[in-house]
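Descriptive structure summary
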Amino acid sequence: MQNRIELVILKHLLNEEDYARRTLPYLKSEYFSNIISQAGLVLVAQLIPICFSPILTRIFDENAFAELTGLVSLSSILLVFSSLKLENAIVTEPNEKTAIKILSLCFLITLSYTILIYPLLILLEDKIITIFKIDSSLYLAPIFVCLFALANSLNYYNTRIKKFKRKAYSKIVENTVYISVALVVGVIFKIGSTGLVISKICALLIVFIYLRVLAKRIIKTPVLKESISIVKNYKDYPLHNAPSNFVNVLGLQLLVIFIGYHFTKEEFGYFGLANMII
């Protein structure tokens, strides 16, 4: 009986040693190191606005949070078609030169799309204001969409070249600039309802500049024939990925749309503040 127990214990120890021997290389790998470092940096980035939320609530009223919540919600819906989801092809394209051309094409599509948003906002102005409560910052939405989409395309390129930490650092930069500008705008310039929106757009602008500088001179004006060829090769992204992603994003924003439509702007602002903290 004792020998059997000793055999079981010995087998268990051998299994643990074998498990440790198999997992140790993985724990020391660059892949695992990147995951841990990114998770830590993103956590720091998320904690910045949460830590400063008590100060922001003292400076800005619920209308400012309503404007920011509505702008982010509307922009998230508009962002789906900002680059026709071709940014995914930046990562999957096997050829480096073609990947850079796709990145340049994404920039061109985003800039063109931004211009096309304005007539849509003018046409649906009353309905958008009623639902998203952004009567003071409606026409800042295309700028938000443009800067976010451009930075997002650059982040996809950073993923391709395995510069994973750049995205995490960009989130820290974004939230740091957002809080800093919000404090300056709210305390010194006394800008009320649009103060947080302006701060968020300034943060996105700095993030885009930061990522663009790191990208150096890889962005070039796309050639028409090459652009058409790229769109043909990756037509599944705009034809299939974009519509399905639009339905998904719309589903995520249904609660925001419901509250914005059925409640007052002040109540919508309280919801936005709670949503930001959570």
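This text follows the structure it describes.
Now for a description of the structure that goes with this document. In this text the structure is predicted, and so the values were computed from the model without any measurement.

Topic: the overall build of the chain
A count of helical and extended segments in the chain gives 13 helices and zero strands. If you list the helices and strands of the chain from N to C, you get α-α-α-α-α-α-α-α-α-α-α-α-α. Going through the 278 residues of the chain one by one, you find that 41% of them count as buried. Residue pairs at least 24 apart in sequence account for 83% of intrachain contacts in the chain once pairs closer than 6 positions are excluded.

Examining helix 5 (residues 96-123)
Between the first and last C-alpha of helix 5 there are 41 Å, a value that for 28 residues agrees with the 40 Å anticipated at 1.5 Å per step. If you check the start of helix 5, you find a side-chain oxygen 3.0 Å away from the backbone N of K97, and it comes from N95.

A closer look at the layout of surface pockets
Each pocket or cavity is described by its volume, and for the largest pocket that value is around 1,400 Å³. Lining the largest pocket are 48 residues, and of these V72, F148, K171, E174 and K200 sit closest to its centre. Sorting the residues of the lining of the largest pocket by element identifies helix 2 (30-59), helix 3 (62-78), helix 7 (141-160), helix 8 (164-187), helix 9 (195-215), helix 11 (236-252), helix 12 (254-262) and helix 13 (265-277) as the ones contributing at least two each. Counting residues per element, the lining of the largest pocket draws most heavily on helix 7, which supplies eight residues. When its residues are assigned to classes, the lining of the largest pocket shows 25 nonpolar, 17 polar and six charged.

A short note on the environment of I230
Turning to its location among the elements, I230 is positioned in helix 10 (residues 224-233). A residue is classified by how much of its surface remains accessible, and I230, at 6% relative accessible area, is buried. In this structure, the C-alpha to C-alpha distance between I230 and K101, residues 129 residues apart in sequence, is 8.6 Å. What I230 contacts, discounting residues up to four positions off in sequence, is K101, I102 and L105.

Describing the pattern of salt bridges
This structure, assessed with the given rule, holds seven salt bridges. Close ionic contact of K101 with E226 constitutes a salt bridge, the shortest N to O distance being 3.0 Å. Pair noted here: K101 is in helix 5 and E226 is in helix 10, with a separation of 125 residues, a long-range link. Relative accessible area serves as the criterion here: at 34%, K101 is assigned to the partly exposed category. Since its relative accessible area comes to 31%, E226 is described here as partly exposed. Among the ionic pairs, E174 bridges to K171, the shortest N-O distance being 3.5 Å. Taken as a pair, E174 and K171 lie in helix 8 at a separation of three residues, close to a single helical turn. Look at K171 and you get partly exposed, because its relative accessible area is 27%. The network of salt bridges with shared partners includes E67, D135 and K265.

Conventions adopted
- Residues numbered from 1 in each chain as written.
- Predicted model: local features only at pLDDT ≥ 70, side-chain atom pairs only at ≥ 80, totals over all residues.
- Heavy atoms only, no water.
- Helix = DSSP H or I, 4+ residues; strand = E, 2+ residues; numbered from the N terminus.
- Buried < 20%, exposed > 50% of the residue type's maximum accessible area, 1.4 Å probe, protein only.
- Contact = heavy atoms within 4.5 Å.
- Expected span 1.5 Å × (residues − 1).
- Polar contact = N/O pair within 3.5 Å; in protein donor to acceptor, adjacent residues only side chain to side chain.
- 1 Å grid on protein atoms, 1.4 Å probe; cavity = no way out; pocket = protein on both sides within 12 Å on 5 of 7 lines; lining within 4 Å.
- Points joined across faces, edges and corners; volume = space filled by probe spheres on them.
- Nonpolar A, V, L, I, M, F, W, Y, C, P; charged D, E, K, R; others polar.
- Salt bridge = Lys/Arg side-chain N within 4 Å of Asp/Glu carboxyl O.

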